[in-house]
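Understanding the architecture of this molecule
If you want the building blocks of each chain, they are given just below.
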There are 2 protein chains.
Amino acid sequence: MTALTNGGPGGAIVRIEDLDGFCRAALAAVGADAATVAAATAGMMHASRLGVDSHGVRLLDHYLRGLSEGRLNRRPHLRLLREHGATAVLDADHAQGALAAYTGMEHAVRLARAHGTGAVAIRNSSHFGPAGAYALRAAEEGMVGLAVCNSDSFVRLHDGAARFHGTNPFAVAVPVPEGEPWLFDMATSSVPYNRVLLYRGLDRLLPAGVASDEDGVDTTDPHAVAMLAPLGGADFGFKGAGIGGFVEILSAVLAGMRLSHEIAPMGGPDFSTPREMGAFCLALDPGAFLPRAEFEDGMRRYLAALRTSPSRAGGRVMAPGDREWEEAERRRQNGIPIDPATLDAFRRIADEYGLSLPLP
Amino acid sequence: MTALTNGGPGGAIVRIEDLDGFCRAALAAVGADAATVAAATAGMMHASRLGVDSHGVRLLDHYLRGLSEGRLNRRPHLRLLREHGATAVLDADHAQGALAAYTGMEHAVRLARAHGTGAVAIRNSSHFGPAGAYALRAAEEGMVGLAVCNSDSFVRLHDGAARFHGTNPFAVAVPVPEGEPWLFDMATSSVPYNRVLLYRGLDRLLPAGVASDEDGVDTTDPHAVAMLAPLGGADFGFKGAGIGGFVEILSAVLAGMRLSHEIAPMGGPDFSTPREMGAFCLALDPGAFLPRAEFEDGMRRYLAALRTSPSRAGGRVMAPGDREWEEAERRRQNGIPIDPATLDAFRRIADEYGLSLPLP
């Protein structure tokens, strides 16, 4: 949820359409098919537009490597293995994760249109990036959407001393009349790992209770961090670990895929073996429960009350997504900041595939 | 999730079957019908058996008052207002909340048996007590169950300075082969309000970041607490507030019922007007996604890895529910501790309705 940098020294500010075009060109150059190009770009651009830079175009280089070395299938044949009532199982054939997740949510929405709700377990997926992008796809179709995915171990259990769950994101989107969707996208860890890396670079102390050393002892020293703590801190980390576990059960157990501690590390060194990750999408059609106008009135009433609820001094109450939609509007006008490391990677990519850099 | 007291001075230890019988007799004496007697007792006894005393038999007096003064319907006619595909809307006719929630989950399980998943919005319910009890009902039928409910305002928003959401519990249960279900039941506040009351009585400081004074400023002084903070503390309270909001949207908006800040206070003074609360239940049939044996193997593998994951010094890793199932076993053998205030209420109830106290 954190923008790590602005364009800054050595970075750049890039127009949305140029950045989108560069991602497409690079993905096509590595041999990805049209569906992969479109979905991988849409997933990254969702995050880069909304200011979630950890899950934005900085991942382009990562996905290109997976596609070229074989971890990801450049021309996957996604197909439904099962469909039963309001549920389905999608085999993503080792597709790039955004293609798997968008496709899974599209099936969930289709099922919800017919049955009021739809639930889809996704098999043979991979790192799917920003969970909110796929929940949002449901909201764009008028549905409440939930998207979750487990990931390689990075978060200790409550009272644990080893990496166990991944950061296991949990995202929900809800359509809102006359406005952008309510959009909630969180890691079930206390902080994203990028926060640790940022503080390490700045030599700044972390907040208490968000990360631990290799013995599972909480530390505020970013250089000593060996694992993240679950959401809830020292006293209530069982809550974050429980939500992370719910994500794990939906994504890995119901999909019959790898548990977090069984998933090969995102960062390699092996980029040639598919990671066999699961994911899970759920869509609910509000119209199945009450007339659309009543649902819309409820969301209007809820958000009006929320946004006018008193703030404490120096703070501002916001609905989930408000901060991100505001950032998206700023970036639409001003462009998207690219950090120096990502810009370096873009230069390498442009050289390797004979592409123009997306610079003004 | 907190046992407030042991039997202690002025309290008592009561056998499970005697406590169950006393609840049934008292509910029947106030004129509740058989379904209400059974469900209200089952809800309270779930919590009292598992050590969640805040939601256990200490609520008997509260429910009796609601049933006798008209807030709760002693002889409700619960009926489905809509059924569409895998979804339904249950009108609980102002039933006691446990009857509404058990009935809602039973419909969700029925729908999931036919369609792989089932989602039920509940209208005209009331305080439903321990959310885990209703999620567990699904797990007992072999399903993954989710039960949520909003409640009267008690928790500020992230950066907020007023009570907004209720403690909005979120509960999930998952069947486990050869063992008790994985059972996760949390408030989306940082702490339960009972913790504040307990610390107030003990004149003990609260952990940082869990509660705020009337200006929304975090305080560790339990006497200054005017509202609870959302899960996540000072830095990440937007996560707890987001999950609380998801519960609010499912329970209140999809059910067309009151938002948390529109619900009359649980504690009265008005006990004669129905509170028009919503709730929401979801069931997923694992067998719709993969062969039952593979699902069971996944849960076995997950829990074996979790329970053998290294603990930090002085701690112990546990799966959600492990602590509660152990407490249930202790209480099965030793009886259930009743705190002095609840025992006083039991004495009044026994006097008023001519019942025997459930004492040895």
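Preceding block: the structure.
Residues numbered from 1 in each chain as written. Chains lettered and ligands numbered in written order. Predicted model: local features only at pLDDT ≥ 70, side-chain atom pairs only at ≥ 80, totals over all residues. Heavy atoms only, no water.

**A look at the relation of the copies chain A and chain B**
Two chain copies, one operation linking them: a rotation about an axis together with a shift along it. Going by this rule: To line up the copies, we fit them by least squares on C-alpha atoms, keeping just the residues with pLDDT of at least 70 in both. Contacts are assigned to residue pairs with any non-hydrogen atoms lying within 4.5 Å of each other.
Aligned on chain B, chain A shows an RMSD of 0.0 Å; the corresponding rotation is 180° and the shift along the axis is 0.0 Å. Read as a symmetry element, the transformation amounts to a two-fold axis. Proximity to the rotation axis, assessed at the C-alpha, singles out Gly-232 of chain A in chain A; its C-alpha lies 2.5 Å from the axis. Of the interface residues in chain A, 100% have counterparts in chain B that sit at the interface too, so the contact is made through matching surfaces.

**Some details on the sheet that holds strand S4 (residues 117-125) of chain A**
Residues and elements named next belong to chain A. As a reminder of what qualifies: What makes two strands pair is DSSP finding at least two bridges between them. In DSSP terms, a helix is any run of H or I states spanning at least four residues, a strand is any run of E spanning at least two, and both are numbered starting from the N terminus. Between the N-to-C directions of two axes lies an angle of 0 to 180 degrees, each axis being a line fitted to C-alpha atoms and, for a helix, fitted only over the stretch in contact.
Strand order in the open sheet formed by seven strands is S2-S3-S4-S12-S5-S8-S9, with mixed pairing between adjacent strands. In this open sheet, the two strands that pair with only one neighbour each are strand S2 (79-84) and strand S9 (182-186). Across this sheet, the average inter-strand angle for adjacent strands is 10°, counted without regard to direction. Of the strand pairs in this sheet, strand S8 (residues 170-174) and S9 are connected by five bridges, and their pairing is antiparallel. Among the inter-strand pairings, Ala-171 is bridged to a residue of S9, identified as Asp-185. Where helix H5 (residues 131-140) meets the sheet, its contacts fall on strand S5 (144-148), S8 and S9, and the angle it forms with S8 comes to roughly 25°.

**A closer look at the interface of chain A and chain B**
Many structure descriptions define interface size as the accessible area lost when the parts assemble. Note the threshold: The quantity reported as buried area is the accessible area (1.4 Å probe) lost by two parts once they are put together, taken as the sum for both. Salt bridge, as applied in this entry: a Lys or Arg side-chain nitrogen positioned within 4 Å of an Asp or Glu carboxyl oxygen. Two N or O atoms form a polar contact when they lie within 3.5 Å of each other; inside protein one atom must be a possible hydrogen donor and the other a possible acceptor, and for residues adjacent in sequence the pair counts only when both atoms belong to side chains.
Between chain A and chain B, the residue contacts involve 87 residues of the former and 87 residues of the latter. Summed over both partners, the interface of chain A with chain B comes to about 6,800 Å²; 69% of that surface belongs to carbon and sulfur atoms. Counting across the chain A and chain B interface gives six salt bridges. The residue Arg-301 of chain A makes a salt bridge to Glu-262 of chain B at a minimum N-O spacing of 2.8 Å. Linking chain A with chain B are 21 residue pairs in polar contact (both at pLDDT 80 or more), by the criterion used here. Sort the elements by how many residues they give to the side of chain A that touches chain B and helix H7 (residues 233-253) of chain A lands first, with 12 residues.

**Here's the deal with the layout of surface pockets**
Rules: Using a 1 Å grid laid over the protein atoms alone, points where a 1.4 Å probe fits but cannot get out form a cavity; open sets with protein on both sides within 12 Å along at least 5 of 7 lines form a pocket; any residue with an atom within 4 Å of a point counts as lining. Grid points are joined across faces, edges and corners, and a volume is the space filled by probe spheres set on the points. Here the nonpolar group is Ala, Val, Leu, Ile, Met, Phe, Trp, Tyr, Cys and Pro; Asp, Glu, Lys and Arg are the charged ones; every other residue, Gly included, is treated as polar.
In this model, the second largest pocket occupies a volume close to 1,300 Å³. For the lining of the second largest pocket, the secondary-structure elements that each account for two or more residues are helix H3 (60-69), S9, helix H6 (193-202) and helix H10 (340-353) of chain A together with helix H7 (233-253) of chain B. Per-element accounting of the lining of the second largest pocket gives the leading share, five residues, to H6 of chain A. Split by residue class, the lining of the second largest pocket holds 25 nonpolar, 13 polar and nine charged.

**A few points about the packing of aromatic side chains**
Basically, it comes down to this: Within 6.5 Å between ring centres, the rings of Phe, Tyr and Trp (the latter by its six-membered ring) count as paired, and their orientation is classed by plane angle as stacked under 30 degrees, edge-to-face over 60, tilted in between. In this scheme, the term charge over a ring applies when either NZ of a lysine or CZ of an arginine sits within 6 Å of the ring centre and within 35 degrees of the ring normal.
This structure, assessed with the given rule, holds 19 aromatic pairs over all chains. Among the aromatic residues, those joined into a cluster by ring pairs are Phe-170 and Phe-246 of chain A together with Phe-170 and Phe-246 of chain B. The positively charged end of Arg-71 of chain A is found above the aromatic ring belonging to Phe-271 of chain A, 4.2 Å away from the centroid.

**Thoughts on the environment of Ser-212 of chain A**
All names here are of chain A. Keep this limit in mind: In this scheme, a residue with accessible area under 20% of its type's maximum is buried, one over 50% is exposed, and one in between is partly exposed, where area comes from a 1.4 Å probe on protein chains only.
Along the chain, Ser-212 turns up in strand S10 (residues 211-212). On the accessibility criterion, Ser-212 (0% relative accessible area) is buried. Along the chain, Ser-212 and Leu-59 lie 153 residues apart, while their C-alpha atoms are 26 Å from each other. When near neighbours in sequence (up to four residues on either side) are disregarded, Ser-212 contacts Arg-156, Val-217, Asp-218, Thr-219, Ala-224, Val-225, Ala-226 and Met-227.

**Overview of the side chain of Arg-275 of chain B**
Residues and elements named next belong to chain B. By the secondary structure assignment, Arg-275 is in the loop between H7 and strand S12 (277-284). From its side chain, Arg-275 meets the backbone oxygen of Ala-264 in a polar contact 2.9 Å long. Filtering out sequence-adjacent residues up to four positions away, Arg-275 remains in contact with Arg-71, Ser-126, His-127, Asp-152, Arg-258, Ile-263, Ala-264, Pro-265 and Met-266.

**Side note on the packing of helix H2 (residues 34-50) of chain B against helix H9 (residues 322-334) of chain B**
Residues and elements named next belong to chain B. The condition that has to hold: These descriptions rest on fixed angle ranges, namely under 35 degrees for roughly parallel, over 145 for roughly antiparallel, 65 to 115 for roughly perpendicular, and the rest for oblique.
Packing of H2 against H9 leaves a shortest axis separation of 7 Å and a crossing angle of 95°. On the basis of the axis angle, H2 is roughly perpendicular to H9. Contact with H2, carried on its side by Ser-48, Arg-49 and Leu-50, involves Glu-324, Trp-325, Glu-327, Ala-328 and Arg-331 of H9 and no other residues of that element. For the contact of H2 with H9, the class distribution of residues is three nonpolar, one polar and four charged.

**Looking at H2 of chain B**
Residue and element names in this part refer to chain B. Filter applied, for reference: One fewer than the residue count of a helix, multiplied by 1.5 Å, yields its expected span.
Here H2 contains 17 residues, and its C-alpha end-to-end distance of 24 Å stays within 8% of the 24 Å for a straight helix at 1.5 Å per residue. Burial runs high along H2: 12 of the 17 residues are buried. Taken together, the buried positions of H2 are occupied by Thr-36, Val-37, Ala-39, Ala-40, Thr-41, Gly-43, Met-44, Met-45, His-46, Ala-47, Ser-48 and Leu-50. Positive phi shows up at Gly-51, right after H2, with a value of about 90°.

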